[in-house]
Amino acid sequence: MTPGFPGFAPEFPGVTLERIQSWLPTIVTAAVVLGAVIVALVVVSRLLRRLAPRVHWYLFGFPLLRTRMRRSWRHLCLNADLTGTDRPTTEQLGPLLVRGRPIMPVLPLLRRIRPRSFGATAVIVLHPGQVPEPFVNAAEAMAHAWGVHAVRVDARRRGRVRLTILTADPLTAKRTEAATWATGPPLKEAAMTSRPSEAIEPLASAVAVPADLAADVGQREDGQRWVVDLVTFPHWLITGATQSGKSTLINAAVARWAARPVALVGIDCKGGMELAPHAPRLSALATDRAEAADILAALVAETQRRMGLCRQHGARNIWQLPPDARPVPVVVIVDELAELYLVASRADKDEALRATTNLLRLAQLGAALGVHVIVAGQRVGSDFGPGVTALRAQLAGRICLRVNDEETVKMTLGDLYPDAVDAAQQIDPAVKGIAVTTADEAGWIRARSVYLSPEELAAVIAATAHLAPRLPGLTPPDA
Ligand SMILES: Nc1ncnc2c1ncn2[C@@H]1O[C@H](COP(=O)(O)OP(=O)(O)OP(=O)(O)O)[C@@H](O)[C@H]1O
Ligand SMILES: [Mg+2]
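Quantities reported herein were computed from a predicted structural model and do not represent experimental measurements. (Residues numbered from 1 in each chain as written. Chains lettered and ligands numbered in written order. Predicted model: local features only at pLDDT ≥ 70, side-chain atom pairs only at ≥ 80, totals over all residues. Heavy atoms only, no water.)

Undergrad: Just to check I follow, could you spell out the sheet that holds strand 4 (residues 119-125) for this structure?
TA: Two modes of strand pairing occur in sheets, parallel and antiparallel, and in both the strands are linked by backbone hydrogen bonds. Strand order in this open sheet of four strands is 3-4-6-5, and the pairing throughout is antiparallel. Edge positions in the sheet fall to strand 3 (109-116) and strand 5 (150-154), since each of these pairs with one other strand and no more. Taking the axes of each pair of neighbouring strands and ignoring which way they run, one obtains an average angle of 20° across the sheet. Both strand 3 and strand 4 contribute to a ladder of six bridges, which runs antiparallel. In the sheet register, Arg-114 faces strand 4, and the bridge partner there is Thr-121. Contacting strand 3, strand 4 and strand 6 (160-166), helix 2 (residues 53-79) runs over the sheet at an angle of about 165° to strand 3. The strands touched by helix 4 (residues 139-146) within the sheet are strand 4, strand 5 and strand 6, with strand 5 carrying the most contacts at an inclination of about 140°. (Pairing = 2+ DSSP bridges. Helix = DSSP H or I, 4+ residues; strand = E, 2+ residues; numbered from the N terminus. Axes fitted to C-alpha atoms, helices over the stretch in contact; angles between N-to-C directions. Contact = heavy atoms within 4.5 Å.)

Undergrad: Where do I start with the pairing of strand 5 in this structure?
TA: Consecutive residues of a regular strand have side chains that alternate between opposite faces of the sheet. By the criterion of burial, strand 5 is predominantly enclosed, with five of the five residues buried. Here strand 5 shows a buried face lined by Ala-150, Arg-152 and Asp-154 and a second buried face lined by Val-151 and Val-153. Judged from the five bridges that link them, strand 5 and strand 6 form a sheet pairing that is antiparallel. Note that in strand 6 the partner of Asp-154 across the bridge is Arg-162. Hairpin remark: strand 5 followed by strand 6, antiparallel, with five residues in the connecting loop; positive phi at Gly-159, about 80°. (Buried < 20%, exposed > 50% of the residue type's maximum accessible area, 1.4 Å probe, protein only.)

Undergrad: I'm lost on the coordination of the magnesium ion (ligand 2) in this one. Help?
TA: Geometry sets the ideal angles at a metal, namely 109.5 degrees for four tetrahedral donors and 90 or 180 degrees for six octahedral donors. Protein coordination at the magnesium ion (ligand 2): the donors are Ser-247 (OG) and Glu-274 (OE), at 2.0 to 2.4 Å from the metal. Separated by 27 residues along the polypeptide, Ser-247 in helix 7 (residues 246-258) and Glu-274 in the loop between strand 10 (263-268) and strand 11 (284-286) bring together distant segments of the chain. (Donors = N, O, S within 2.8 Å, 3.2 Å for Na, K, Ca; no water.)

Undergrad: Looking at this structure, I do not really get the pattern of salt bridges. What am I missing?
TA: Side-chain pairing between opposite charges can occur once the charged atoms of the two side chains come close. Within this structure, the stated rule accounts for 14 salt bridges. Here Arg-225 makes a salt bridge to Asp-216, at a shortest N to O gap of 3.1 Å. Arg-392 serves as the salt-bridge partner of Asp-415, at 3.7 Å between the closest nitrogen and oxygen. In this pair, Asp-415 is assigned in the loop between helix 12 (406-414) and helix 13 (420-425) and Arg-392 in helix 11 (residues 387-394), connecting sequence segments 23 residues apart. Via salt bridges that share partners, Arg-152, Glu-221 and Arg-446 belong to a single interconnected network. (Salt bridge = Lys/Arg side-chain N within 4 Å of Asp/Glu carboxyl O.)

Undergrad: Help me out: how do you make sense of the side chain of His-56 in this one?
TA: On the secondary structure map, His-56 appears in helix 2. For His-56, the contacting residues outside a window of four places in its chain are Ser-45, Leu-48, Arg-49 and Gly-61.

Undergrad: What's the story with the packing of aromatic side chains in this structure? I'm lost.
TA: Aromatic ring pairs are defined here through the distance separating the ring centres and the angle between the ring planes. Going through the model one piece at a time under the given rule, you end up with four aromatic pairs. Ring geometry for Tyr-341 against Phe-384: centres 5.5 Å apart, planes inclined by 35°, an arrangement best described as tilted. A residue pair is termed long-range when its members are at least 10 positions apart, and Tyr-341 in helix 9 (residues 338-341) and Phe-384 in the loop between strand 13 (371-377) and helix 11 qualify at 43 residues. You can call Tyr-341 buried: its relative accessible area is 11%. Taking relative accessible area as the criterion, Phe-384 reaches 14% and is therefore assigned buried. (Phe/Tyr/Trp six-rings, centres within 6.5 Å; stacked < 30°, edge-to-face > 60°.)

This is the structure in structure tokens:
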């Protein structure tokens with residue numbers, strides 16, 4: 001028998017010093033190669049991260065995140081109370097029934113972890129008896145455990161909770177999309193998405209289609225476009241403190257609608273200061289509350305005329321009318337809602353009541369008749385009067401920019417998306433234009449509007465001014 005290497009002998013008979021010496025070059029080469037591969041991987045990873053972040057994400061970032069998610073899942077569930085049990089939680093102890101926490105908890109299943117350009121998505125399968133709420137509350141804990149920017153939890157599918165995992169905040173990037181607006185093509189592209197073969201010009205005589213009401217206004221944090229769609233949500237409420245980006249957002253939407261067969265009406269009781277740049281493309285503009293009351297009354301009359309039209313044709317909304325009878329959709333933009341409600345004297349009271357009642361009627365009747373309202377304000381509170389909650393109930397689309405008071409956040413989001421209130425309160429005041437917004441399939445999401453410089457907006461308005469439709473009973477601001 002070959003004498004073994006002392007120490008190795010019992011376990012590795014036949015491993016001799018000579019043999020080890022003969023392996024040494026191979027071991028050293030292997031170590032050097034392994035080291036070189038690791039160094040190369042680190043270098044490639046760093047380079048990719050800088051030059052092709054998306055490729056880096058799919059090759060390196062995502063596999064690491066998935067490993068981290070799987071490894072931390074058990075601890076996360078235990079610490080954040082996300083576990084279920086398959087045993088009774090009450091037991092008899094002598095004459096007493098004792099309730100306790102299970103020793104053997106069952107983890108909900110973490111499934112379908114998929115890479116996405118913005119991070120990843122995953123699905124949690126709930127155990128019978130579990131509800132989504134603890135998962136919604138644990139979103140912050142998940143973000144910390146996995147070292148990501150944020151986790152959004154969406155629980156609309158029964159028995160499942162969907163996670164949207166965002167690795168970074170795409171909305172705080174320094175480069176806004178102003179550049180893409182300045183170059184021109186995106187606006188035309190956007191104008192043409194609903195009508196692939198037409199440029200801006202031929203739309204003058206075109207009949208509106210539902211797609212005309214969708215305005216691409218910016219970017220969502222999940223990488224998708226932020227679309228204010230008046231077909232999905234007919235009326236919108238936008239709140240934001242001064243300089244938070246309300247007018248910028250309205251500008252972005254108006255620039256989209258301006259190129260389409262859509263009538264735009266402005267109610268700007270800040271003396272027309274905010275909506276004046278849109279004036280050439282507006283079908284009417286109110287610069288004080290008395291004018292606002294008149295314009296809103298004329299629009300209520302117009303909705304009643306449209307009702308008659310629909311009745312005649314047996315249609316339930318304007319889109320069911322034959323194209324030659326279909327009236328143009330109207331978007332009424334109210335900048336600074338508080339000005340409509342403000343009451344200082346007896347005379348104010350009647351005027352305010354007339355304006356706000358007509359606005360409420362428009363919101364109640366308008367959706368099917370192609371009359372949509374977009375209401376913006378720095379504050380919304382119950383102190384405006386009982387009418388304001390009735391109005392809010394009609395404004396299903398909600399956008400909350402940075403606001404200063406909790407009541408406004410709660411008024412804007414709290415009734416529909418209680419878990420969005422926190423997200424809205426955390427909006428960074430240093431980055432303008434970030435909002436928490438209603439999103440069709442995701443419930444709510446953070447998003448940021450594009451910024452148009454005054455020159456870019458003026459160019460769009462000048463190019464589309466001739467498209468402003470005439471509305472019965474209303475005079476265009478320039479006339
Ligand atoms: N999405 C954005 N991207 C970049 N900058 C923005 C964005 N939104 C707003 N800003 C910047 O913030 C400034 C103020 O925005 P804006 O006028 O829209 O605020 P506002 O909410 O309408 O304020 P106010 O209540 O005083 O009318 C803009 O001039 C612009 O510089
Ligand atoms: Mg403004």
